[in-house]
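Chain by chain, the residues run as shown.
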Amino acid sequence: MNDFWTYFKNKIKKSLSSTAFDTWISTAKPQYIEGSNLHILVPSELHKTYWQKKFVNEIVLDSYEFNGIELNPVIEDQDTRKPETTTEEENQQNDNAAQNNDGGEVFENSHLNPKYTFDTFIVGDANNMAHAAAVAAAGEPGEIYNPLFIYGGVGLGKTHLMQAIGHEMMNNNPQARVKYVTSENFTNELIYSIQHSTQKAFREEYRNVDLLLIDDIQFLGNKEKTQEEFFHTFNKLHENNKQIVMTSDRLPNDINNIEARLVSRFKWGLSVDITAPDLETRIAILRNKAEAEKLEIPDDALSYIAQQINTNVRELEGALLRVQAYSTMKNTDIDKSLAADALKALKLAKSKSGLTVSTIQSKVCKYYHITIADLKGKKRVKSIVLPRQIAMYLSRELTDKSLPQIGMEFGGKDHTTVMHSCDKITELVVSDEEVKQAVEELKDELKN
Ligand SMILES: Nc1ncnc2c1ncn2[C@@H]1O[C@H](COP(=O)(O)OP(=O)(O)OP(=O)(O)O)[C@@H](O)[C@H]1O
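What this report covers is the structure whose coordinates are included nearby. (Residues numbered from 1 in each chain as written. Predicted model: local features only at pLDDT ≥ 70, side-chain atom pairs only at ≥ 80, totals over all residues. Heavy atoms only, no water.)

Focus on the site of the ligand
1) Next: Neighbouring residues of the ligand: 18 residues in total, closest I122, K158, T159, H160 and E317.
2) Next: Interatomic distance of 3.4 Å between a side-chain N/O atom of N127 and a nitrogen atom of the ligand.
3) Next: In the environment of the ligand, an oxygen atom lies 3.0 Å from a nitrogen or oxygen atom belonging to the backbone of G157.
4) Next: Here the ligand has 640 Å² of accessible area as a free molecule, and 93% of this is covered by the chains.
5) Next: A per-class count over the shell around the ligand returns 7 nonpolar, 7 polar and 4 charged. (Near = heavy atom within 4 Å. Polar contact = N/O pair within 3.5 Å; in protein donor to acceptor, adjacent residues only side chain to side chain. Areas by Shrake-Rupley, 256 points an atom, 1.4 Å probe, with all protein chains shown as cover. Nonpolar A, V, L, I, M, F, W, Y, C, P; charged D, E, K, R; others polar.)

Let's talk about helix α17 (residues 357-368)
1) Next: Its 12 residues place the ends of α17 17 Å apart at the C-alpha level, agreeing with the 16 Å of an ideal helix rising 1.5 Å per residue.
2) Next: Taken together, the buried positions of α17 are occupied by V357, I360, Q361, V364 and C365. One side of α17 carries all its buried residues, which in axial view fall inside an arc of 130°.
3) Next: Buried residues along α17 sit in contact with α18 (372-376), α19 (382-398), α20 (403-409) and α22 (433-447).
4) Next: Positive phi appears at H369, one or two residues downstream of α17, with a value of about 55°. (Helix = DSSP H or I, 4+ residues; strand = E, 2+ residues; numbered from the N terminus. Expected span 1.5 Å × (residues − 1). Buried < 20%, exposed > 50% of the residue type's maximum accessible area, 1.4 Å probe, protein only. Arc of directions from axis to C-beta. Contact = heavy atoms within 4.5 Å.)

Describing the nonpolar core
1) Next: With 72 residues, the main nonpolar core has W24, I40, W51, L148, I297 and I305 as its most contacted residues.
2) Next: A total of 8 residues in this core trace back to one element, the largest contributor, which is helix α7 (residues 128-139).
3) Next: Core analysis: the next-biggest nonpolar cluster, separate from the first, contains 26 residues, I390, M419, C422 and V439 among them. (Core = buried A, V, L, I, M, F, W, Y, C linked by side-chain atoms within 4.5 Å.)

A short note on the packing of helix α10 (residues 199-207) against helix α11 (residues 224-239)
1) Next: Where α10 meets α11, the axes come as close as 9 Å, and the angle between the chain directions of the two elements is 45°. Looking at the two axes, α10 sits oblique to α11. In this structure, α10 meets α11 at a crossing whose hand is right-handed. In contact with Q199, F202, R203, Y206 and R207 of α10, α11 contributes E229, H232, T233, K236 and L237.
2) Next: Class assignment for the residues of the contact of α10 with α11 results in 3 nonpolar, 3 polar and 4 charged. (Axes fitted to C-alpha atoms, helices over the stretch in contact; angles between N-to-C directions. Parallel < 35°, antiparallel > 145°, perpendicular 65-115°, else oblique. Left-handed = near helix turned anticlockwise from the far one by under 90°.)

Comments concerning α11
The α-helix winds at 3.6 residues per turn, so residues separated by three or four positions along the chain end up facing the same way.
1) Next: Between its terminal C-alpha atoms α11 stretches 22 Å, which fits the 22 Å expected from 16 residues at 1.5 Å a residue.
2) Next: Of the positions making up α11, those classed as buried are T226, Q227, E229, F230, F231, T233, F234, N235 and L237.
3) Next: Buried residues in α11 make contact with α9 (183-195), α10, β6 (211-215), β7 (243-248) and α12 (260-266).
4) Next: Immediately beyond the C-terminal end of α11, within one or two residues, lies N241, with a positive phi of roughly 55°.

Focus: the sheet that holds strand β8 (residues 270-274)
1) Next: As summarised here, the arrangement of the 5 strands in space is β5-β6-β7-β4-β8, forming an open sheet in which the pairing is parallel. With one partner strand each, in any of the chains shown, β5 (178-182) and β8 form the two edges of the open sheet. Direction aside, the axes of adjacent strands within the sheet are offset by 15° on average.
2) Next: Judged from the 5 bridges that link them, β5 and β6 form a sheet pairing that is parallel. Its bridge partner being in β6, K179 is matched across the sheet by L212. (Pairing = 2+ DSSP bridges.)

Some details on a negative patch on the surface
1) Next: There is a patch of like negative charges on the surface, built from E433, E440, E441, D444 and E445.
2) Next: Position of D444 relative to the elements: it lies in helix α22.
3) Next: Classification of D444 by relative accessible area gives partly exposed; the value is 48%. (Patch = residues over 30% accessible without salt bridge, like charges linked within 9 Å, V, L, I, M, F, W, Y side chains within 5 Å. Salt bridge = Lys/Arg side-chain N within 4 Å of Asp/Glu carboxyl O. Lys, Arg positive; Asp, Glu negative; His and termini not counted. Charge placed at Lys NZ, Arg CZ, Asp CG, Glu CD.)

Considerations on the pattern of salt bridges
1) Next: Scanning the model with the defined rule gives 18 salt bridges in all.
2) Next: One salt bridge connects K179 with E205, and the closest N-O pair in it is separated by 2.7 Å. You can see K179 sitting in strand β5 and its partner E205 sitting in helix α10, a full 26 residues away along the chain.
3) Next: Classification of K179 by relative accessible area gives buried; the value is 5%.
4) Next: Judged by its relative accessible area of 36%, E205 is partly exposed.

Structural notes on the sheet that holds strand β2 (residues 37-42)
1) Next: Here we have 3 strands laid out as an open sheet, ordered β1-β2-β3, and mixed in their pairing. Each edge of the sheet is formed by a strand with only one pairing partner; in this case those strands are β1 (29-34) and β3 (72-77). Averaged over all adjacent pairs, the angle separating strand axes in this sheet is 25°, with direction ignored.
2) Next: As judged from the 6 bridges shared by β2 and β3, these two strands associate in the parallel manner. Each residue of the ladder has a partner; that of L41, found in β3, is E76.
3) Next: Along the sheet face, helix α3 (residues 45-54) touches β2 and β3 and points at about 160° away from the line of β3.

A short note on the packing of aromatic side chains
1) Next: Under the criterion given, the structure shown has 20 aromatic pairs.
2) Next: Considering the side-chain rings of F186 and Y206, the 4.9 Å spacing of their centres and the 80° angle between planes classify their relative orientation as edge-to-face. Taken together, the residues span a long stretch of sequence, with F186 in helix α9 and Y206 in helix α10 at a distance of 20 residues.
3) Next: Residue classification places F186 among the buried residues on the basis of a relative accessible area of 0%. (Phe/Tyr/Trp six-rings, centres within 6.5 Å; stacked < 30°, edge-to-face > 60°.)

Overview of the environment of E184
1) Next: Considering the arrangement of structural elements, one finds E184 in helix α9.
2) Next: Remark: the alpha-carbon pair of E184 and I214, spanning 30 residues in sequence, is separated by 9.5 Å.
3) Next: Beyond its immediate chain neighbours, meaning those up to four positions away, E184 contacts F219 and K223.

The following block contains the structure:
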């Protein structure tokens, strides 16, 4: 079996790009032969589907060529083999940290960030499906997953992965027209084109690309004119089999105030999520980053940092930079205790005022004269819904709890309910004087 596998790998290598080979072939493991069945284990359901489509015939032909016996490949994926587990860490996967884009380098108008390639993207359980889908979309643009919709919490690598598709496509075909834009910039450019009567040029720019990468699509919510324009751009590209990739912090159905015809189109292709990386992946990300920055940092210090920050890769990278800066300031080499000192201030800031969700719940109940049972319950009357949403919003603002954790403390609600409540109150604080006042008073009380 092993000899055949080596033969197969050497042969198939010639017809695949190195990214495709690493994604589909290096991750597959032959398990055993039973009769003429060759059992092959692959990392995810998506790998399985791809394997069945692309490589199964190859195995049959190559095995015959190898020793005159036709092997029948049976593809199994690790996901369906794995027992269901929900760890504390996995629960935090949708942590939608309040701070948003905090200055990650982004190069717009098809100028992709040169660092965001497949080579620099570390693959682990939390993102292997999204990564495989991205590799497939880059290898066969417009054909297999169109649109590709990548969703997940803040700072988990959605932009990185999306731009890697752009790089890979341009590597495969330097003539490819690739366009990257955030949905906010798409809106701004549209407004500019309306103001300056350059809508024709705007349309041509977006409707004549081979790959459109549109980041943070959730911000199209409430923007009717932009949605209309994007709808036509989408249709034109899709009709012409041009690849569209979108990212969002939530599933298409959960995006607020977006037209149903767009939501349904977003779901035409494949939606894949990226969740928070496990410890091993976090260490690998840090190690990679340290190597890229030529940082000397021992393994125990790396794993210490990775243990401290478990929800957001951007924060993880920030922590490494903080440790680096601290070691320069102290003029000492990095070790575990220096890392601990450097991250102390960060941890203090994270635990914020030491407030708990239950303190916030009590204060809100007192303020609105309702019971804790109502606050955590399911009643949909306005006099309870508003305090519940405010309490969720304050929990998000004033504690370091993740969305799923907050949901649990509100009678086991889903993280999307918490996310929706936070969005709602963020809006009302601007548009509704009464809500604004209540939130401010509650915040003052909680801080004292
Ligand atoms: N698996 C990974 N391997 C290597 N680097 C990663 C990985 N995931 C995230 N990163 C890095 O983390 C940082 C944040 O990633 P990115 O900006 O792609 O996140 P995002 O999910 O798009 O966040 P946002 O929701 O804020 O748009 C980037 O510097 C990116 O390179």
